[in-house]
Amino acid sequence: MPIFLVPYNMDVPVYRYPVANFVLLGIMVAIHVLAYTGVLPASLVHAMILDGWGPTGLVGYMFLHADAAHLVGNIIFLWTFGNPINAKIGNGPYVALFLAFGVAAGVAHTAFSFVPAVGASGAINGMVGMCLMLYPANHLKMVLLVLFTAHRYRIRAAWMMLLWFAFDVWGAWLGGGRTAYWAHIGGFLAGLGVAGLAVSLRWVTMNEFEESLLDVLKMRKHDQELAPGAPAPAAKPTNAD
């Protein structure tokens, strides 16, 4: 009996349109169609496959997909986890981090696996890792598809993201199969680390309604934490953008 658990929305306020994510999604669809229809030369498609340490493969593989189901799955996950990150950090940094996470994922896969790989899931897992760091207390909306029925759920996002990561670690431990688990792990850890550094150095601004993973774990000192007897700082205007 086919059962699918599909995320479709992170319960995160969005203050600007995630334009860069829309563009990346469009590029992935366009490249898949062009490759499938034979418009892209076979030599170019082959060069884009992750198979060793070649630079074209380390970048190009994240824009290729094995089939339509692979593409649709990645579109759903990038839509769900990429939109809030894009809206948070802006378009330019988002594209740079997407590519960086994809390269980090490709390096991890190449270091631990000899099987060629395609797909954006490594880069997408970087966005999942960033969401875990920035929005651990937020909720994730999901649909459980069982045969011809659908059931909607709203659960704490951190638990689901940690469960997916544990599944990837377990899959890598068992030897993989057709899934590039090491790419997932590499991308996820890269995203988690970059977001943790950004929060620590205040490269991203957490508003009064947001609590990062460092805050949850009591690993970050807030600006408003004062020494005993110190006067409270004057309120500062905030920018929704």
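This is a predicted model, so every value here is computed, not measured. (Residues numbered from 1 in each chain as written. Predicted model: local features only at pLDDT ≥ 70, side-chain atom pairs only at ≥ 80, totals over all residues. Heavy atoms only, no water.)

A. Molecular detail of the packing of helix 6 (residues 121-134) against helix 8 (residues 181-200). Across the interface, helix 6 lies against helix 8 with an axial gap of 6 Å and an inter-helix angle of 35 degrees. Two packed elements cross with a definite hand, and for helix 6 against helix 8 that hand is right-handed. Contacts from Ser 121, Gly 122, Asn 125, Gly 126, Val 128, Gly 129, Met 130, Leu 132, Met 133 and Leu 134 in helix 6 reach Ala 183, His 184, Gly 187, Phe 188, Gly 191, Leu 192, Ala 195, Gly 196 and Val 199 in helix 8. (Axes fitted to C-alpha atoms, helices over the stretch in contact; angles between N-to-C directions. Helix = DSSP H or I, 4+ residues; strand = E, 2+ residues; numbered from the N terminus. Left-handed = near helix turned anticlockwise from the far one by under 90°. Contact = heavy atoms within 4.5 Å.)

B. Structural context of the confidence of the model for the protein chain. Mean pLDDT over the protein chain works out to 89, with 90% of the residues at or above the 70 mark. Here strand 1 (residues 3-10) stands out as the least confident element of the protein chain, with mean pLDDT 89; helix 6 is the most confident, with 98. Confidence over residues 224-241 falls short of pLDDT 50; this stretch has six contacts with residues more than four positions distant or in other chains. (pLDDT = per-residue confidence, 0-100.)

C. Looking closely at the nonpolar core. One finds Ile 85, Phe 98, Met 127 and Leu 134 to be the most contacted residues of the largest nonpolar core, which totals 57 residues. By residue number, the principal contributor to this core is helix 6, which donates nine residues. If we skip the residues at most four places from it in the chain, Leu 134 touches Ile 85, Lys 88, Ala 195, Val 199, Val 204, Met 206, Glu 211 and Ser 212. (Core = buried A, V, L, I, M, F, W, Y, C linked by side-chain atoms within 4.5 Å. Buried < 20%, exposed > 50% of the residue type's maximum accessible area, 1.4 Å probe, protein only.)

D. Region of the structure containing unusual backbone geometry. With phi around 60 degrees, Arg 202 is a residue other than glycine that occupies positive phi space. The residue Arg 202 is located in the loop between helix 8 and helix 9 (213-216) in this model.

E. Representation of the packing of aromatic side chains. This model, assessed by the stated rule, comprises eight aromatic pairs. For the ring pair Phe 22 and Trp 79, a centre distance of 5.6 Å and an interplane angle of 20 degrees mean the geometry is stacked. Of the two residues, Phe 22 is situated in helix 1 (residues 19-36) and Trp 79 in helix 4 (residues 68-89); the sequence distance between them amounts to 57 residues. With relative accessibility at 42%, the residue Trp 79 sits in the partly exposed group. (Phe/Tyr/Trp six-rings, centres within 6.5 Å; stacked < 30°, edge-to-face > 60°.)

F. A nonpolar patch on the surface, seen in detail. Residues Tyr 17, Val 19, Phe 22, Val 23, Ile 27 and Trp 79 make up a contiguous nonpolar surface patch of roughly 610 Å² in combined accessible area. For the nonpolar patch, the element with the most residues is helix 1, which contributes four residues. Following the sequence through the fold, Ile 27 ends up in helix 1. Its relative accessible area of 36% is what places Ile 27 among the partly exposed residues. (Patch = residues over 30% accessible without salt bridge, like charges linked within 9 Å, V, L, I, M, F, W, Y side chains within 5 Å. Areas by Shrake-Rupley, 256 points an atom, 1.4 Å probe, with all protein chains shown as cover. Salt bridge = Lys/Arg side-chain N within 4 Å of Asp/Glu carboxyl O.)

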